[in-house]
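Residue-level structural notes
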Amino acid sequence: MKILLVEDETRAADYLRQGLVESGYTVELAFNGTDGLHAALTGDHDLVVLDIMLPGIDGYAVLSALRTAKQTPVLMLTARGQTDDKVRGFDLGADDYLVKPFEFPELLARVRALLRRGQPAPQETMLRLGDLEVDPVRHRATRQGQRIDLSAKEFALLTLLVQRTGEVLSRTQISSLVWDIHFDSDTNVVEVAIRRLRAKIDDPFEVKLIHTVRGVGYVLERRDAPS
Ligand code: CA
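Think of each chain on its own: its residues are numbered from 1, step by step along the sequence as written. pLDDT decides what is reported in this predicted model: residues at 70 or higher carry local features, side-chain atom pairs at 80 or more are listed and counted, and totals for whole chains, interfaces and linings draw on all residues regardless. Side-chain measures were taken over the full set of non-hydrogen atoms in the model, leaving aside hydrogen atoms and water.

**A short note on the overall build of the protein**
What counts, and what does not: Helix and strand assignments come from DSSP, with helices taken as H or I runs of at least 4 residues and strands as E runs of at least 2, each series counted from the N terminus. Note that the radius of gyration is over C-alpha atoms, with the globule rule given as 2.2 Å times the number of residues to the power 0.38. The buried label goes to any residue with under 20% of its type's maximum accessible area, the exposed label to any with over 50%, and the partly exposed label to all in between, with areas taken from a 1.4 Å probe on protein chains only. The contact definition used throughout considers only heavy atoms, calling two residues in contact when any of these lie within 4.5 Å. Under the convention used here, a 1.4 Å probe and the Shrake-Rupley method define accessible areas, while residue burial counts only the protein chains that appear.
The helix and strand inventory of the protein stands at eight helices and 12 strands. For a compact globule of 227 residues, the expected C-alpha radius of gyration is about 17 Å, and the protein comes in at 26 Å, more than 25% above that figure. Expressed as lengths along the three principal axes of its C-alpha atoms, the size of the protein is roughly 75 × 35 × 30 Å. Here the protein, with 227 residues, has 41% of them falling under the buried criterion. When contacts within the protein are restricted to residue pairs at least 6 apart in sequence, those whose partners lie at least 24 apart make up 54%. When the accessible surface of the protein is summed, it comes to about 12,400 Å², and 49% of that surface belongs to carbon and sulfur atoms.

Structure follows, in structure tokens:
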């Protein structure tokens, strides 16, 4: 997560940067409005922490120019706490507002909240079967909430099986879809991969999801009665 901090008071800027870096963020600093605006427009930040009182163009002007081009979340900082300033900031498109002096943990909490808001909502693309969840976007698979480490091919194989839940896929189909192999003789690679995948997603759990259909292939499905 990359934060742009626009703050002309160097001591405050250093202090905030250090705290944010220690909290795991990458921080870019700008000490005036012109540099801050340029950085915000050209960079790829997840959040801008923007002081209002800046030399040259002030925080309001930076925000207003930024909003004509980008929707990067902006947390405004100001020594002034008047309602008018807040309203003006929000009208210009600020996402949150913090009045100086503030405690660092409060800044951190607001930063976290804004970054969470910026995250895409849990995608529709998440694939599920019972307690198995496969997220093709993040390349992540879990069962019962436990992260399962998979190689790229294992992940591709699992994604294929879960996308086609309940459908029996032949070894040839699987090898052509996952490995781009079109020869029946090479389907042993599928058996090996299925065995590895089972060891990870089925063996540690009571309910098995990958089933062998003798002479045909494999199917991923829930079978409530043991078979
Ligand atoms: Ca200032």
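**A short note on helix H3 (residues 59-67)**
What counts here: What the arc covers is the set of directions going from the helix axis to the C-beta atoms.
Within H3, burial applies to Gly59, Tyr60, Val62, Leu63, Leu66 and Arg67. For H3, the arc enclosing every buried residue in end-on projection is 160°, short of the 170-degree limit, so these residues lie on one face. For H3, the elements touching its buried residues are helix H2 (33-42), strand E3 (47-51), strand E4 (74-78), helix H4 (83-92) and strand E5 (96-99).

**Examining the domain arrangement of the protein**
Put simply, the rule is: Note that the domain bounds were set by an automatic or database domain assignment.
The domain boundaries assigned to the protein delineate domain 1 (2-116) and domain 2 (127-220). Just the C-alpha atoms count here: the centres of domain 1 and domain 2 sit 46 Å apart.

**Regarding the coordination of the calcium ion**
Quick note on the threshold: Metal donors were taken as nitrogen, oxygen and sulfur atoms no farther than 2.8 Å from the ion, or 3.2 Å where the ion is Na, K or Ca. Water is excluded, so coordination may look unfinished.
Looking at the calcium ion, one finds its protein donor set to be Asp8 (OD), Glu9 (OE), Asp51 (OD) and Met53 (O), positioned 2.0 to 2.5 Å from the metal centre. Overall, the relative accessible area of 2% leaves Asp51 in the buried class.

**Side note on the sheet that holds strand E12 (residues 217-220)**
Heads up, the rule is: By this definition, two strands are paired if DSSP reports at least two bridges between them.
An order of E10-E12-E11 is seen for the three strands of this open sheet, with the pairing classed as antiparallel. Strands with a single pairing partner mark the edges of an open sheet, and in this sheet they are strand E10 (169-170) and strand E11 (210-213). Bridge analysis of E10 against E12 gives two bridges, and the strand direction is antiparallel. Counted as the bridge partner of Leu169 is Tyr218 from E12.

**Structural notes on helix H1 (residues 10-22)**
Just so we agree on the cut-off: Between the first and last residue of a helix there are one fewer steps than residues, each counted as 1.5 Å, and that sum is the expected span.
With 13 residues, H1 ought to run about 18 Å at 1.5 Å a step, and its terminal C-alpha atoms sit 18 Å apart, in line with that. Taken residue by residue, H1 has Ala13, Leu16, Gly19 and Leu20 as its buried positions. Buried residues along H1 cover an arc of 135° about the axis, so they all sit on one side. Opposite the buried face of H1, at more than 90 degrees from it, the exposed residues are Arg11, Tyr15 and Glu22. Gly24, located one to two residues past H1, shows a positive phi value of around 100°.

**Digging into the side chain of Asp96**
Defined as follows: For the purposes of these results, a polar contact is taken to be a pair of N or O atoms within 3.5 Å, where, inside protein, one atom must be able to donate a hydrogen and its partner to accept one; residues adjacent in sequence count only when each atom of the pair is a side-chain atom.
Tracing the backbone shows Asp96 in strand E5. At 2.9 Å, the side chain of Asp96 forms a polar contact with the side chain of Arg110. Leave out the neighbours within four places in its chain, and Asp96 touches Val74, Leu75, Met76, Phe90, Arg110 and Leu114.

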